[in-house]
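A closer look at the structure
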Amino acid sequence: MSTHVRKPGWFTVNVLNRLVAWLTRRGVSVWGSRVLAVRGRKSGQWRTTPVNLLTVDGERYLVAPRGHVQWTQNMRAAGGGELRLGKNVEVFTAAEVADDDKPPLLRAYLKRWKAEVGVFFNGVGPASSDDELRRIAPDHPVFRITVRS
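Before going into details, it helps to say that this report is about the structure given with it. (Residues numbered from 1 in each chain as written. Predicted model: local features only at pLDDT ≥ 70, side-chain atom pairs only at ≥ 80, totals over all residues. Heavy atoms only, no water.)

Re the sheet that holds strand E4 (residues 80-85)
Around the barrel, which closes on itself, the 6 strands sit in the order E1-E2-E3-E6-E5-E4 with antiparallel pairing between neighbours. Between one strand and the next, the sheet's axes are offset by a mean angle of 45°, whatever the strand orientation. Note: strand E3 (residues 59-63) against strand E6 (residues 142-147), 4 bridges, orientation antiparallel. Paired with Arg 60 across the strands is Ile 145, a residue of E6. Sitting on the sheet, helix H3 (residues 103-117) touches strand E2 (46-56), E3 and E6, and the angle it makes with E2 is about 115°. (Pairing = 2+ DSSP bridges. Helix = DSSP H or I, 4+ residues; strand = E, 2+ residues; numbered from the N terminus. Axes fitted to C-alpha atoms, helices over the stretch in contact; angles between N-to-C directions. Contact = heavy atoms within 4.5 Å.)

Regarding the packing of aromatic side chains
For the structure shown, the criterion picks out 3 aromatic pairs. Ring geometry for Trp 71 against Phe 143: centres 5.9 Å apart, planes inclined by 50°, an arrangement best described as tilted. Note that Trp 71 is positioned in helix H2 (residues 70-78) and Phe 143 in strand E6, a separation of 72 residues in sequence. Phe 143 carries the same exposure label as Trp 71, and that label is buried. Ring centres of Tyr 109 and Trp 113 lie 4.9 Å apart, and the angle between their planes is 50°; on these two criteria the pair is classed as tilted. One end of the pair, Tyr 109, and the other, Trp 113, are both in helix H3, 4 residues apart, so they sit about a helical turn from each other. (Phe/Tyr/Trp six-rings, centres within 6.5 Å; stacked < 30°, edge-to-face > 60°. Buried < 20%, exposed > 50% of the residue type's maximum accessible area, 1.4 Å probe, protein only.)

Points about the pairing of E3
Counted residue by residue, E3 has 4 buried out of 5 residues, so it is predominantly covered. Connecting E2 to the antiparallel partner E3 that follows it, the hairpin turn spans 2 residues, and Asp 57 within it adopts a positive phi of roughly 50°.

A look at H2
Turning to H2, its buried residues number three or more, namely Trp 71, Thr 72, Asn 74 and Met 75. Viewed end-on, H2 has its buried residues packed into an arc of 165°, placing them on one side of the element. Positive backbone phi, approximately 75°, marks Gly 79, located one or two places after H2. (Arc of directions from axis to C-beta.)

Some thoughts on the nonpolar core
If you look at the biggest cluster of nonpolar residues, it comprises 18 residues, and the most contacted ones within it are Leu 54, Tyr 61, Leu 106, Tyr 109, Phe 121 and Val 142. Here Tyr 61 is in contact with Asn 52, Leu 53, Leu 54, Val 56, Val 97, Leu 105, Val 142, Phe 143, Arg 144 and Ile 145, once residues within four sequence places are set aside. In this structure, Leu 53, Ala 64, Met 75 and Ile 145 belong to the second largest nonpolar core, which totals 13 residues. (Core = buried A, V, L, I, M, F, W, Y, C linked by side-chain atoms within 4.5 Å.)

That's the geometry; what it means functionally is another story.
Have a look at this one:
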């Protein structure tokens, strides 16, 4: 498994993420944003972070553009979490997508959010070949989420 991680800078952590999370908690989705809540794998405490929710062919996915970050490790341990938008909370289970199945999902993610996250994909974009997308797939965890009813 890849250990690729691109840590966010001060401005992202202290300004952008807080602004997007603040808006999302108040019910304003910024280009599909949600607040992801996942139980910490060691502490058991709820951990939150803003994420972009991707929908492809009626299925919903969370993509980690920065790599194998804390929320991805917590998601693997917890097997699911909550997506929050305002007062709406969706409890879900998560299944990690295999690297060979990621290219169309990464392409769709980059089509939608390349301006925001493209720098984390090392020059690979929505017009890149499947081979190029497959090459970077191990560095970007993708989870298919299923909302519990």
